[in-house]
Structures are given as structure tokens and as C-alpha cells.
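Here is how the chains run, residue by residue.
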Number of protein chains: 2
Amino acid sequence: MEDDTCTRAVPVVPSGGPRRGIGLDELHLTGGFWQRLQRSNSRNTLHHCLEWMERLGWVANFDRVSEGATDGPRPGWQFSDSEIYKLLEALAWEHGRTGETWVNEMLESLVDRIAAAQDDDGYLNTCFGHAGQQPRYADLESGHELYCAGHLLQAAVARLRSVGPDKLVEIACRAADHVCREFGPDSRAGLCGHPEIELGLAELGRALGEPRYTEQARLFIERRGYGTLKPIALLDASYFQDDTPVREATVWRGHAVRALYLAAGTADVAVDTGDTRLLAAVERQWERTVERRTYLTGGMGSRHQDEGFGEDWELPPDRAYCETCAGIASVMVSWRLYLATGEVRYADLMERTLYNVVATSPSPDGRAFFYANPLHQRTAAAGIRPGEVNPRAEGGVRAPWFDVSCCPTNLARTLASWQGYAASVEDDTVTLLQYAASEMRLAFGDDGALALSITTEYPHDGTVRIEVVETPDRAVNLRLRVPHWAHGATLADRAGERGAEPGWAHVRGALVPGSVVELRLPVDPRLTWPDPRIDAIRGCVAVERGPLVLCAESVDLPQSWSLDDIRLDAARPPRADGDGALARMTSVQPPSPPPSGYPPYRSSARPPRDDGEATWRDVPLVPYYRWARRGSSAMRVFVPTA
Amino acid sequence: MEDDTCTRAVPVVPSGGPRRGIGLDELHLTGGFWQRLQRSNSRNTLHHCLEWMERLGWVANFDRVSEGATDGPRPGWQFSDSEIYKLLEALAWEHGRTGETWVNEMLESLVDRIAAAQDDDGYLNTCFGHAGQQPRYADLESGHELYCAGHLLQAAVARLRSVGPDKLVEIACRAADHVCREFGPDSRAGLCGHPEIELGLAELGRALGEPRYTEQARLFIERRGYGTLKPIALLDASYFQDDTPVREATVWRGHAVRALYLAAGTADVAVDTGDTRLLAAVERQWERTVERRTYLTGGMGSRHQDEGFGEDWELPPDRAYCETCAGIASVMVSWRLYLATGEVRYADLMERTLYNVVATSPSPDGRAFFYANPLHQRTAAAGIRPGEVNPRAEGGVRAPWFDVSCCPTNLARTLASWQGYAASVEDDTVTLLQYAASEMRLAFGDDGALALSITTEYPHDGTVRIEVVETPDRAVNLRLRVPHWAHGATLADRAGERGAEPGWAHVRGALVPGSVVELRLPVDPRLTWPDPRIDAIRGCVAVERGPLVLCAESVDLPQSWSLDDIRLDAARPPRADGDGALARMTSVQPPSPPPSGYPPYRSSARPPRDDGEATWRDVPLVPYYRWARRGSSAMRVFVPTA
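Residues numbered from 1 in each chain as written. Chains lettered and ligands numbered in written order. Predicted model: local features only at pLDDT ≥ 70, side-chain atom pairs only at ≥ 80, totals over all residues. Heavy atoms only, no water.

Chain A is annotated in an unreviewed UniProt entry as Glycoside hydrolase family 127 protein of Salinactinospora qingdaonensis.

Written as C-alpha cells, this is what we have:
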């Protein structure tokens, strides 16, 4: 750990390669989209998660173990420990970023209770292995013990990279050592039904410079794909990605979060072990999955049954699962692939997913969340029971807590560490990847720092103004990401104003204090058409604006209209309207239906035509991330064309 | 039981109303579509089901109870007893129809083993209530005890109506009496997670003239809809139809088989108690569900997650569940509503469902089955493990047995009693509802019989020739169903040839031996268009022929084509080809995709157009019921238009 960046709060630090992410304390948000989300996360979500987990007894499960009182019923799913660990990770990043004392206290108080529950040999789990419980590792398919351990390790990494070694790190090392003994090359050849331990071991190995952990992560990855895990009811080996070895797989399949955590851990191991073929396998899987199994929002997961990927082109908007956690996991994978390859497409997908999946889930106050993020909601939801645990909030109402409540704490750790995805440094080149009003200060060792002041209303406005505040004693280059949708962007710098194609825009001329760079990204509303192989949205179009996907909500329709019957006039471009758009639409009268009591199909030589006189109106479209904020509503992203 | 029809093998005999179904022995198939299915059922499926259930130990579960050996693990799901009962019902109808001795022997041998497992107080279940098992009725949500009992009662009805009271009937009466004592008006106000007991009690009540059973069925129906059942994980009260009282519900929702069995039992109770408002509720639910939640095949159930109905217009072809059992249950409901109301639409839906769901499930030899019946299979399935228990055969390969194996025995009882749906008698009017080559002989009490000889290749040919062989000593009218799709049908009788509109065609002139009636139904291929509110198949068309839905299979495409890319030329009518059709199609080159590594959506002012020169070819479409018979294939019913 000679590089000073390693003492910074950086979520992912590959052991090799030219690029590094920035530390959370290197970028201070000064306003805008992500600051609002990060603030409601700090102020509300962290407490909210703790309150719910105390109330439901998930935290007290640790006390029950330490008090030897595990004989009675245990509240929560097998994996509830992981929620406390994800909250710990969120608290660690939050404290690393802000230095807030209350955050540190909340964290330390939890760590004390967790530490007391750790067994002498390092095993730590509140569901297995104690009086009245199933034995350790009795149910690798569903038990989630290694999954929980992986999240513990990730939390410890956040702590290690923000305050250095502490009690949490010590617990994690003991747990990791236990896992290595139990599942090492000469021990039990098991693997966990839910990948995650790979990620935790790999990053802890990096943070501590401990190759045993990396090696154990590699072992878990190589063991997978041989049908070791027993199917759970209707869920076969592909559900766990145990159907095909990782290096042979060509696409992600099965449970989306599982597939994506596995891919992220695999990328880490591939980079750290210099296994370029393994890395290439993950890139190949990413590519086909993005091209054929990804929603316009960046969402992944087409099926409710297994919370999983469907087949190529199976992308139903109404039954889109697009779990919030899968969006977060997709960002994690893309970030690792970006660091490994430097390719802009990974940062492009991250932006799409951050704005349209990650930002969609929480309510503005950070106290309610979407679990699934469909692109079409046919009927306004009946509602959520505010004080109660709810099912997975499929119905278009954000819920305060779920039966399986993985998303709130996952959001908490992601929002607390958003800065980590905003920029990267490669040799003397600084690359801005995500745009937000902020002050940035990047240290260049003994040469001083590059400080930038960034002013922007992005994503609602496309102008990003970057003022150079301070420069180091060596020449530094600045590079800006021009998103893939930003055709017609311009860049103004000391060399003048010029067009900037999607990809990388290099700032020309030396950076000197006071110099200003201005990137202008076109954020006019634009029509976006699906590949015709996506059967479920044939004949439809969506409207996007900058990185934001827009949607039509029933609350914005004339009262006599239904979202079932609207048609969009694609011959007229939608116009900007606030931070949404106005699109010209009509409501059709469905063609004469079959006689009453017959299925909704009609035989005729010619296709039936919509009846009725068309009344055209400008209908507002709002950013998708904001849907259902004005109360329960029906919604659709893709609208049939007239 | 004064009416002689009650001693006949008639599946459903309402206690009132003018219509009766015919007895299974009143119609003898002499060839054709349903004879083939009924024969493979007789020759193979009955044995096949028994062999699997012996092999898996589901039958032996009864022996374990009678031997007091229930302490060890019990093979099969909680509801496996019901599979033996459905097989019993199939055997009872089969014997009632054919008088075959081996069928009777198989049945009696099973009944002996079942009888030995019945508790002294009439309780009969191999999963609950004995040493080492959960107590009786400890899990009404998932335990399926009353569901199993309902199937036992239905089997007993089949026996009662074919050979009269016997040991099976005795067992069933003791079980029914137990249920009435345990769940009667002054006892436990429970209900079963899976409706079925209502059906069994109602029909057994009819067959025995026992109003207590009808009353108990009524009680179970009225108790439902108040959230008594606890949610199972993500499945809420609507999954069990416990969200809304039956008489208030406007549409079917939740688990499709549950919803449909409940509706069938409710129709029975409504008819027998003269509760016209309750009957109207079922009719209303049928109507909206058929108009908005039903597939072109007649299939019901749009979701895999809960094997359930989706919302209105949620009818994805690829993830269509359309469980075989839901198709059977739909036929059961429609038959009861037809008997109650005499409306032709119920018989029309039955035909659609019988040909395109029920007939699709079994392989020609009756030894493999589809569980789900999707309308679009994107990739040819990897295959089924022939000797093993398989999951629910979603992948386009019929499987010999499933983990949950409800469909094979359900098919067996349905095919064994197909005759029961073919015709009805109302006063002096005989109505032919389903067409098949057959000899029919209907007794008119002391007046003799009407005998008809029916010659047809239906559904592959539309001509149905009916020769009057014998007439009773009173005037009898003959009425024929003209299916709703049969525009341009003609009827020739003694009054000459004339057009016959969809609905009822009345034969004119007295029926005398030797007179011939000929119905000509147009079975040219026709294009069928979906309601535009069905988003998932917008811009697509299907081809039907007579009552048969056709489909395109990948094995019939030119080798360089993919089902993902075909377009149908709807301007040229498809032509007849064997019992399928030839449709003019091309394969398109998808418009230029986004750059590699980007999601499959592209922004542009104009909609992208398919590239490439169109090569048009005649592509065969085959009847949907035959898909995947030539090996694993991709398939689609709805094809995008050019």
C-alpha cells in the first residue's frame, strides 16, 4: 500500500492496471441531482434502515447468538445478516466521505454487537451453526452464509480504506481466514448459491495485500458451473450460474443479481491474477447481455419467477423485473470493466443505469423504495401498507421495507460512495465520467493537486462548465466523456469551440488556474426506437432526454384517456418541457371488438383500423426516475406510434 | 335419481335447469381427432400415470399410512394424493365408457390401498395427521388436504354414475362427512388454499341427492374472499382468490387453476341453490376474463411467478403460462355455464380450448406432456431428461413426468370423458356442440331413441355429415353449433341448403331414418388480428384454420432464416396446405443496430427501417397442437406483419 490512493476511500482498487478511481473525499458535490440523493441517503435512509432492522429483530439476531439464545424462532430470512453488513458498508463510506461522528458511532455500535456473535474460529452467522439451528454450511444452495460473509468483507474494505484497520476489519479477517480454511484447495469443494464472497475476498485481498484471499476468490469462481448446487424446486443450475463454467459462458442468465455479483468478482480476480482470458469472458458476457437482454433504463432482469434474465430479446416492459439491486450490481460490473479496459461504453451504461434504475428506486425522502422497476404499469397500484413489511413493491408504489429487503441497504452503500464512479485517473490524464456540480481536488503526489470547480444543472441541462482552480507542478491532461447519445455535442476550451463526438473529448491546451472548459451536451428530447427483435414493444417509441428516459404517467393524461389507448405522433418531434417533454398524442378507440364474451382477437382479411376522430394533444412526459412520486399512477415508457 | 340419465356416466348433472349433458356411452367415436387422443389415453396414459406414481412412491404413501409407517420421509408434494384420485376418476370414466375389465381391476386395486389408509373418522390424507406428520389442517394455505378430498369426491361421482355405489363411493362419503363435521357451520371456519372441495362436494351432493354436501360447498364458497388465508411468501390473498368475495369479484385473478376450479364449483352451487346472482357473478367473471385475459388458444394464465392471470391485456406470447390444467379447468367452467344458460359462447370457448390447449399437451403416444403452453418459444429447448422427473416443461419439449405432475392425470380424466362435452339435450331438442366422427344414440325414455351417424374429418375438413339412423316415437329437433369463426357456413337438410350464421343452426323438417343433414364449415386459413391493447403482440397477426390455431416452427424455415426476423405478408391470404397453411413470408435484416456494446435501442427522428432485399417464400404453418412433435423447435403463433 505504497500508493497514497490506497489510504483514500476508494471502493475498487485493482492491484494492477493504469487506471484508478478517485477517492470519495476527492470530489465534493455542491448541488444538483446526486447531491439531493446523497443527502436524503445521509439524513434519512441510513437511520431508516437501522430502525427497520432493529424493529424486525435482524440486528438482535447477533445478540441472540452472543447470548447463546438461538433456540427460539429467528426473525428474518437466512440472508438478513447481509443487510446489516451493507448498512455497515454504507456507514463506512459515509463516514469516510464526510467524517461525521454520528455515522462513526452508529457503525461502531453495530460492530460491537456483531463482534460478540463471532465464533472463536472466525465463523460468523446468526442463522446457522448454533444451538437449535441447522449446522454450518448445511444448505449451500439457499443458506447464504458465504454471501453474508462477502458483504461483511466489503464493509471491512470500506472501513480499511477510510479509517484504516479497526475492529470491523479484524472481524472480517477472521471470517475470511475461516472461509479459506473451510473452503480452501484441500478442504470442502463447496460454493455458495449466491455469489458475493468472491467480491469480498478479492477486494479485501487487495486492501490488505493478502494473496490468500484472492486465491480463495479464484477457487470459488473456478468451481462454479459444474452443477454442484442442487436445484431449488423449479430453479435449475442456471439460476445460480452453476450450469456453465464462468470462462465458457457467453451471456448472463439466471438470477440477475447473482450473475452480476459473480461477474464483478470474476473481473476483480481476472485483473489481479492477470488472467486476460477470464477477463475477456466477462467482457463477452457483458457485451451480449447489454446488446440483447438490457432495458432502455439499463435495467436487467426480465422475469419475476427467478428474478432473472430472460432469453435474448425477451424484454417485456410490463413484467420487467429490473431489480434495483441488479442495477447496482450492473454498475459494479461496468465500473470494474471500465477500470480494466478504459472503454467508454462501460461508463455510458453506468450513467444510463444510475439515472434510470438506481435513482428511480428511492423516494425523495429516502424512506421508501422500489424493488422492481418495470417500464410499464397498466393499473395504478392499490397501495402499500406504510407501517408494515411489504412484498416487493411491484405495483408502482415505493415501500418503506420489503419481506426481502436487499435494495434499501444496497442503495445506501451505493449512494454513499457515488463519487467513486465520477472520474478516473490514468497516468497524467484525468477523465471526468459523470457530471455533477462539484469541487474536485485530485492529488498528484509531491507535485500538488489538480482542483476543478464544476458547475452544471446536468442532467436537466447539458452545459457542464469546468473551471480550473489549481494545477499541479506537472502537465496534466483532462478528458471528458461525451455520452453515446450526445450527437452534436461541443467542447469549448483554450483552443476554441469545436464538435465533440460521442466517446472521449480531450481538452486542448495546458490547464492553468482560471481557465474554463465548457462541454455542451444536447439534451433536447429525442425519439428512441427499439430493436425490432424485442417483440414486446414492437411499434412503439420512447422519448429520452440526455441520460434520462422519460415516461407517460396516467395522472398527466386528459381524464377521458387511458394509457392503453394512447398513440404518439412520431412525425412531430417532442418538445422540451421543464425537465421532461411534451409529445403529441391521441387516444384511439380500439377497432370494433369481437362480440361480447369472445377472446380479444378478430379474423379479417385486412388489419382492423382504429376508429374515431383523432384529437391530438400535447401530453407531458416526465423523467422515469420520478414516476409514481405524485401518487399511484399507471405509466409507460414505450408508447405505440400512430 | 328418477331420471334415467343419472344412472348414465355423465360428468356434470345440475340438479335443475332444462339442459343435460349426454352420457359417455351415448356417443361412440368412430375415428378422427378425439378418438386418436382418447385411444392413446386408454392405451398408454392410464398405465403411464400409474407406473410413474408407483415408481415415485406416491401410491405407496397410502400403504405407509395403513401400515403405520409414516415416520420416515414421504415422497411427493403435499398434494400427490390428488394425482391418484384424478387417475381413479379417469379410470372410472374409462370403464364407464368402455366396460373394459382391466380398467376396473386397476381402479379396484387402487381403491383397496386407499381404503386401508382412511382413518376411522373418515379423514383420508397421506401427508398430515399421522405419526411423524404435521397435524390435520395445520396448513390450510399449502396443505391441500381439502383439495385432495375434492378430487376423491369427483372420482367417486364418476364411479357412482358408471357402476353405482361401491367401495370408492363409500370412502368418499365418509371423507365428505368428515369434512362437513370438521368445517361445517358450527365448526372450524376454515377454507382450503386450493379450491376443489367445492366441486367435489357439489357433484357428490347431486349424485347422491345429499343436500348437506351442497350446503358445505356453499359454505366454503361464501367464506372465501376475506383474507383468511395467510400469504405465502410473495403470493398474496389474490393468489388464492381470498382477496374478494366470489359474488363481488369482477374478473379472475391469481392462480389460474385455483380461480377456475372455484368458479366451476361456484356455478354448481349457484345452480343447485337457485342463486341467480351468484351465477351472474361467475358469468361476469368469465366474460371479462375471456375478453381481456385469454390467449388465442383459449389458454389462461399469463404469469409464471404465480401460475396466474395477469392484468387485463397482459398476454405475452413467450411467457404465456397457459397451464394445461387451467385449460381443462376453463372447459369445466364453460361447460357448467353452458348447461346453466344455454349460451353458445361457452361451447365456442370450449372448442377453442380443447383443440389448442388440451390437445396440445400430450404427445401422440400419450406418454409425455406439456405443462405450460406458450405461444412463442424463442429458442429450441435443450431437452428433457427422459427417464427422470422434470421441471414444468417450459422449454418446448413434452416431458414424461413433472415435479408437480398435475397435468397428466388431469388430461387422463378429461380425455376419458370427452363425450360428455359433445352434445346436450333440452326437452326435445338435441344440440351437437362438438363435431367428431361418431355414432350417437340418445334415449328418449319410453319413446325410443334418436340415433345419428356422424361422418367428418373435422377439424381438418369442415364438412359434417349427419345421417339419421333411428328416431324416437316423438318429434325431436336437432340443432347444430356453428362456431363463431365460421362465417359463410352452410347447412343442407330436407328444407334445402342455406347459409348458417355463427350460433345455432336449426335443422328443418322432421327427422326420419335415412335423412341426411350436412353442415359445411369454412376451414380455409384466415388471418386473425389481436386487440391493439395487447401490447405484447402489437403489429402481429396469427393464422387460424377452423378451430385450430396455427404456428410457425423453426424446422420449417429456410435454413438461413430465424423466427426472430420473419415477417408475414398480410396482403396475400395464406393458402391451405395439408391441415396447415402456407403463408408468404420474408426474413428481414434488422435495421443497423447501435454500436457494439450498447443496449438495443437507437435514437433517430424517423423510425429505423428493415434493411435488405426481401426474398419472399411460402412458409408452412402447422396446427399449434402439433408443435414440437418433430423434435425440439422454436415456434411462434403471432408473426409480425411486413
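Let's pick the thread back up.
**A word on the sheet that holds strand β4 (residues 423-426) of chain A**
All names here are of chain A. Strand order in this open sheet of five strands is β1-β4-β5-β9-β12, and the pairing throughout is mixed. The sheet is open, and its two borders are formed by β1 (19-21) and β12 (503-506), each paired with just one other strand. In this sheet, adjacent strand axes meet at a mean angle of 30 degrees when their direction is disregarded. Of the strand pairs in this sheet, β4 and strand β5 (residues 429-432) are connected by four bridges, and their pairing is antiparallel. Within β5, the residue paired with glutamate 426 across the bridge is threonine 429. Helix-sheet contacts for helix α11 (residues 324-341) involve β1, β4, β5, β9 (477-482) and β12, and the interaxial angle to β1 is about 145 degrees. Lying over the sheet, helix α12 (residues 344-358) contacts β9 and β12, oriented at roughly 55 degrees with respect to β9. (Pairing = 2+ DSSP bridges. Helix = DSSP H or I, 4+ residues; strand = E, 2+ residues; numbered from the N terminus. Axes fitted to C-alpha atoms, helices over the stretch in contact; angles between N-to-C directions. Contact = heavy atoms within 4.5 Å.)

**Describing the packing of aromatic side chains**
Residues and elements named next belong to chain A. Counted by the stated rule, this structure contains 48 aromatic pairs over all chains. Between tyrosine 338 and tryptophan 504, the aromatic rings sit 6.2 Å apart at their centres with planes inclined by 55 degrees, giving tilted as the arrangement. Within this pair, whereas tyrosine 338 is found in helix α11, its partner tryptophan 504 is found in strand β12, the two being separated by 166 residues in sequence. A relative accessible area of 0% places tyrosine 338 in the buried class. Overall, the relative accessible area of 23% leaves tryptophan 504 in the partly exposed class. (Phe/Tyr/Trp six-rings, centres within 6.5 Å; stacked < 30°, edge-to-face > 60°. Buried < 20%, exposed > 50% of the residue type's maximum accessible area, 1.4 Å probe, protein only.)

**Focus: the pattern of salt bridges**
Residues and elements named next belong to chain A. Summed over the entire model, instances satisfying the criterion amount to 112 salt bridges over all chains. One salt bridge connects arginine 206 with aspartate 268, and the closest N-O pair in it is separated by 3.1 Å. Separated by 62 residues along the polypeptide, arginine 206 in helix α7 (residues 197-208) and aspartate 268 in helix α9 (residues 256-272) bring together distant segments of the chain. With a shortest N-O distance of 2.4 Å, arginine 481 and aspartate 348 are connected by a salt bridge. In this pair, arginine 481 sits in strand β9 while aspartate 348 sits in helix α12, placing the two residues 133 residues apart along the sequence. Grouping residues by exposure puts arginine 481 and aspartate 348 together as buried. Connected through salt bridges with shared partners, the residues Arg161, Glu203, Arg206, Asp268, Asp272 and Arg336 form a single ionic network. (Salt bridge = Lys/Arg side-chain N within 4 Å of Asp/Glu carboxyl O.)

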